[in-house]
Amino acid sequence: MSSKDVAGFRDYSTKLIKWYHRHHRDLPWRRTNDPYKIWLSEIILQQTRVVQGMPYYLRFVEQYPTLQDLAAADEKEVLRLWQGLGYYSRARNMHQTARLIVEEQGGQFPTSYSELLKLKGIGAYTAAAIASFAYNEAVAAVDGNVYRVLARIFGVETDITSSAAKKEFTALAQQLLPPDDAATFNQAMIEFGAIQCQPVAPDCLLCPFNDVCYAFQHGAQARLPVKGKKNKVRDRYLNYFVVEKDGQLAMRERTTKDVWQGMYDFYLVESPQEPADLDDLVSDHVLAHWLEMGEVVRTAGPYVHLLSHQRIYARFWHIRMSPERSILLPDEMSFYDADEIEQLPKPVLINSYLTENFFNFM
Ligand code: ADE
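On a predicted model such as this, the values are computed, not experimentally measured, just so you know.

**Overview of the overall build of the protein chain**
Helix and strand content of the protein chain: 16 helices and 7 strands. The principal-axis extent of the C-alpha atoms belonging to the protein chain is close to 80 × 50 × 30 Å. When each of the 362 residues of the protein chain is scored for burial, the buried share is 49%. Counting contacts in the protein chain only where the partners sit at least 6 residues apart, residues at least 24 apart contribute 67% of the total. Of the roughly 18000 Å² that the protein chain leaves accessible, carbon and sulfur atoms contribute 49%. Taken as two groups, the 39 positive and 45 negative side-chain charges of the protein chain have centres that lie 8 Å from each other.

**Regarding the packing of helix H6 (residues 75–82) against helix H7 (residues 88–104)**
The relative placement of two packed helices comes down to the angle between their axes together with the axis-to-axis distance. With their axes 10 Å apart at the nearest point, H6 and H7 run at an angle of 140° to one another. What the angle tells us is that H6 and H7 run oblique. Between H6 and H7 lies a crossing of right-handed hand. Residues Glu-75, Val-78, Leu-79 and Trp-82 of H6 form the contact with H7, whose own contacting residues are Tyr-88, Arg-90, Ala-91, Arg-92, Met-94, His-95 and Gln-96. In terms of residue class, the contact of H6 with H7 is made up of 6 nonpolar, 2 polar and 3 charged.

**Digging into empty space enclosed by the protein**
Applying the stated criterion to the full structure yields 1 cavity of 30 Å³ or more. Its volume calculated, the largest cavity comes out at about 100 Å³. Taken together, 13 residues form the lining of the largest cavity, with Cys-197, Pro-202, Cys-204, Cys-207 and Cys-213 sitting closest to its centre. Within the residue set of the lining of the largest cavity, elements represented by two or more residues are helix H10 (144–154) and helix H12 (182–196).

**Here we look at the packing of aromatic side chains**
On inspection of all chains with the given rule, the structure shows 22 aromatic pairs. Arranged with centres 5.2 Å apart and planes meeting at 75°, the rings of Trp-29 and Tyr-57 form a pair that is edge-to-face. Of the two residues, Trp-29 is situated in the loop between helix H2 (12–23) and helix H3 (35–45) and Tyr-57 in helix H4 (residues 50–63); the sequence distance between them amounts to 28 residues. For Trp-29, a relative accessible area of 4% corresponds to the buried category. Tyr-57 gets classed as buried once you look at its relative accessible area, which sits at 3%. Seen in terms of ring centroids, Tyr-353 and Phe-358 are 5.9 Å apart; in terms of plane orientation they differ by 65°. Their pairing is edge-to-face. Here Tyr-353 falls in the buried class, since its relative accessible area comes to 2%. An aromatic cluster is built from Tyr-240, Phe-266, Tyr-303, Phe-316, Tyr-353, Phe-358 and Phe-359, whose rings are joined through pairwise contacts. Between Arg-59 and the ring centre of Tyr-56, over which it is positioned, the NZ or CZ distance is 4.9 Å. The side chain of Arg-298 reaches across the aromatic face of Phe-358, ending 6.0 Å from its centre.

Conventions we followed
By convention here, each chain's residues receive numbers from 1 onward along its written sequence. At least 70 in pLDDT is required for a residue's local features to be given in this predicted model, at least 80 for side-chain atom pairs to be given and counted, and no such filter applies to totals for whole chains, interfaces and linings, which use all residues. As a rule here, side-chain values come from all non-hydrogen atoms in the structure, and water together with hydrogens is ignored. Strands here are runs of E lasting at least two residues and helices are runs of H or I lasting at least four, both read from the DSSP assignment and numbered beginning at the N terminus. To sort residues, take the accessible area from a 1.4 Å probe on protein chains only and compare it with the maximum for the residue type: under 20% means buried, over 50% means exposed, and anything in between is partly exposed. By definition, residues are in contact when any of their heavy atoms lie within 4.5 Å. In these tables, accessible area is a Shrake-Rupley quantity obtained with a 1.4 Å probe, and a residue counts as shielded only by the protein chains included in the view. Only four residue types enter the tally: Lys and Arg on the positive side, Asp and Glu on the negative side, with His and both chain ends excluded. Just so you know, the charge point we use is NZ for Lys, CZ for Arg, CG for Asp and CD for Glu. The axes are straight lines fitted to the C-alpha atoms, using for helices just the contacting stretch, and the angles between their N-to-C directions are given from 0 to 180°. The cut-offs work like this: below 35 degrees is roughly parallel, past 145 is roughly antiparallel, 65 to 115 is roughly perpendicular, and the gaps in between are oblique. In a left-handed crossing the near helix is turned counterclockwise from the far helix by less than a right angle, and in a right-handed crossing that turn is clockwise. Asp, Glu, Lys and Arg are counted as charged, while Ala, Val, Leu, Ile, Met, Phe, Trp, Tyr, Cys and Pro are counted as nonpolar; the rest, among them Gly, fall into the polar class. A cavity, in this analysis, means grid points on a 1 Å lattice covering only the protein atoms where a 1.4 Å probe fits yet has no way out; a pocket is instead an open set bounded by protein on both sides within 12 Å along at least five of seven lines, and a residue lines either one if it has an atom within 4 Å of a point. Grid points are joined across faces, edges and corners, and a volume is the space filled by probe spheres set on the points. A pair of aromatic rings is counted whenever rings of Phe, Tyr or Trp (Trp by its six-membered ring) have centres within 6.5 Å, and the orientation is called stacked for planes under 30 degrees apart, edge-to-face for over 60 and tilted otherwise. Should the NZ of a Lys or the CZ of an Arg lie within 6 Å of a ring centre and within 35 degrees of the ring normal, that charge is described as sitting over the ring.

Here you go:
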């Protein structure tokens, strides 16, 4: 795309902003210029649609109205509030970054794109979103919505999963951005992608760009943006042993660098494939001991849980111990009662299992 091509679309941003004033949704993070709240909303919206993300955003700002409140929070509490959103490392990074700003930068949120970019968990998109929405800095924020809009209108064929794409689309967005109204332009691009130029059913007949849009003119809406091969999805088989004693369950915090770090689950034996039966799994002495001391009262699963790069098949063995007998627990495990378990941050998979089989909480 040369600048000559872009010049042909000189009134692009004017038209787009006009469309935005007419059609945009009134969303709480658009009514503030507090960088902390904008940051929070952008991290949530990176992984969720507005409708699903909204209750999380509202709960977070109620619980932690300021950066200082978030920094002072316990990580467990933050993860508990994030439960169900997925990508838990984003919540952990956000929490750590809040602490760093409070402890090492006097609680002063960075005020420029380049300073924001230095923070853990803040990439080019989020830095540009915060810098433009909070400070009106003239930087284009380019997310998936923006790729789609630009690819279609301008007929950009570059594979959006390629390393060249980011540079090319960002440069194009930056050329279109009116320097004195970056905030509105960026919100408008995102909003236009979300409600007008939707992935599957773009509303081309009522689109203000249909006279110039490459995709509409060429019937290429379904093909654009070009998206290279899909993520490779790995199958994993998680076999959980749920030890119950006196109405309490043995749980542990996941501490390894794997999915769900910092969240709680049960004793786990991962197997390379679906286990044929329990004997396939009993190679360690802890499990052998539990099976000898207790009774498997129920099995459940497989629950299939899809993450971005993993398909998880989870089975659960509920082992009930008699209250009188003492049993061994690995150091990292403890017994928790229903109220305590409700408060622990848990993967959705574990929460669903608990809700269906033990406690009535959500
Ligand atoms: N998705 C990402 N950022 C957004 C925003 N600011 N408003 C609506 N949807 C979004």
